[in-house]
Amino acid sequence: MIETRLTFVAAVAVVFVLGVIVELIRRHRLQERYALLWIATGGVMLVLAIWRQALDGFAHLIGVAYPPSALFMVAGLFVFIVLLHYSTVLSRLSDQNKTLAQKIALLEQQAREKDERRPRRVA
């Protein structure tokens, strides 16, 4: 009885999260390339939440005594992977931002130097 309720709650939660992800994509607040990780996570979680034998088999395979704990372990692993992915994206964007700021500073300096060399007209 408790496990059936837990399966139902987990499945509803995963469907809700997948709905939120789809809505964020639809409103262009989340790019598709980043949403793929979340959709994959939700898909795996939904399969494990609904297909009890797969969750039991997976839990037995990794040595977890209580199968719903394996479900949370998988969720934690996927969140870790998503966070790692976002960290690499942020690192790359930070480097690109620094490079662009340096290029803009050089262009502004060149523009000032060019403006200073231009003869001034007296009106």
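Every chain begins its residue count from 1, and numbering advances along the sequence as written. Two thresholds apply to this predicted model, a pLDDT of at least 70 for residue-level local features and 80 or more for giving and counting side-chain atom pairs, whereas whole-chain, interface and lining totals are computed over all residues. In computing side-chain properties, one takes all heavy atoms of the structure into account and sets aside hydrogens as well as water.

Colleague: Before we move on, could you go through the side chain of Thr41 and cite the residues and values that matter?
Modeller: Structurally, Thr41 is set in helix α2 (residues 32–50). Classification of Thr41 by relative accessible area gives buried; the value is 8%. In this description, contact between two residues means that some pair of their heavy atoms is separated by no more than 4.5 Å. Filtering out sequence-adjacent residues up to four positions away, Thr41 remains in contact with Phe78 and Val82. What counts as a helix is a DSSP run of H or I of at least four residues, what counts as a strand is a run of E of at least two, and both are numbered from the N terminus. When accessible area is computed with a 1.4 Å probe and restricted to protein chains, residues below 20% of their type maximum are described as buried, those above 50% as exposed, and intermediate ones as partly exposed.

Colleague: If you had to explain the packing of α2 against helix α4 (residues 67–117) to someone new, which residues and values would you point to?
Modeller: Interaxial angle, 0 to 180 degrees, is taken between N-to-C directions of lines fitted to C-alpha atoms, where a helix line uses only the stretch in contact. Where α2 contacts α4, the axes come no closer than 10 Å and their chain directions differ by 175°. When the interaxial angle is binned, α2 and α4 end up roughly antiparallel. Along its contact with α2, which presents Tyr34, Leu37, Trp38, Thr41, Val44, Met45, Leu48 and Ala49, the element α4 presents Leu71, Val74, Ala75, Phe78, Val82, His85, Tyr86 and Val89. Residue type decides the class: Asp, Glu, Lys and Arg count as charged, Ala, Val, Leu, Ile, Met, Phe, Trp, Tyr, Cys and Pro as nonpolar, and the leftover types, Gly among them, as polar. Per-class residue counts for the contact of α2 with α4 are 14 nonpolar, two polar and no charged. Here is the rule for angles: anything less than 35 degrees is roughly parallel, anything more than 145 is roughly antiparallel, 65 through 115 is roughly perpendicular, and the remaining ranges are oblique.

Colleague: Report on the environment of Leu107, specifying residues and quantitative values.
Modeller: Turning to its location among the elements, Leu107 is positioned in helix α4. Note on Leu107: relative accessible area 56%, which makes it exposed. Considered as a pair, Leu107 and Asp56 are 51 residues apart in the sequence and their alpha carbons are 62 Å apart.

Colleague: I'd like a rundown of the packing of helix α3 (residues 52–62) against α4, residues and numbers included.
Modeller: With their axes 8 Å apart at the nearest point, α3 and α4 run at an angle of 85° to one another. If you check the angle between α3 and α4, you find them roughly perpendicular. Each of Arg52, Leu55, Asp56, Phe58, Ala59 and Ile62 in α3 lies in contact with α4, whose residues at this interface are Pro67, Pro68, Ala70, Leu71, Met73 and Val74. In the contact of α3 with α4, the residues fall into ten nonpolar, no polar and two charged.

Colleague: Describe the environment of Val44, naming the residues involved and giving the relevant values.
Modeller: For Val44, the position within the fold is in helix α2. With relative accessibility at 31%, the residue Val44 sits in the partly exposed group. Residues in contact with Val44, not counting those within four places in the same chain, are Val74 and Phe78.

Colleague: Account for α3, naming residues and giving values.
Modeller: Of all the positions in α3, only Arg52, Ala54, Leu55 and Ala59 are classed as buried. Across the axial projection of α3, the buried residues extend over an arc of 160°, all falling on one side. When the buried face of α3 is taken as reference, the exposed residues oriented beyond 90 degrees from it are Gln53, His60 and Leu61. This arc corresponds to the set of directions leading from the helix axis out to the C-beta atoms.

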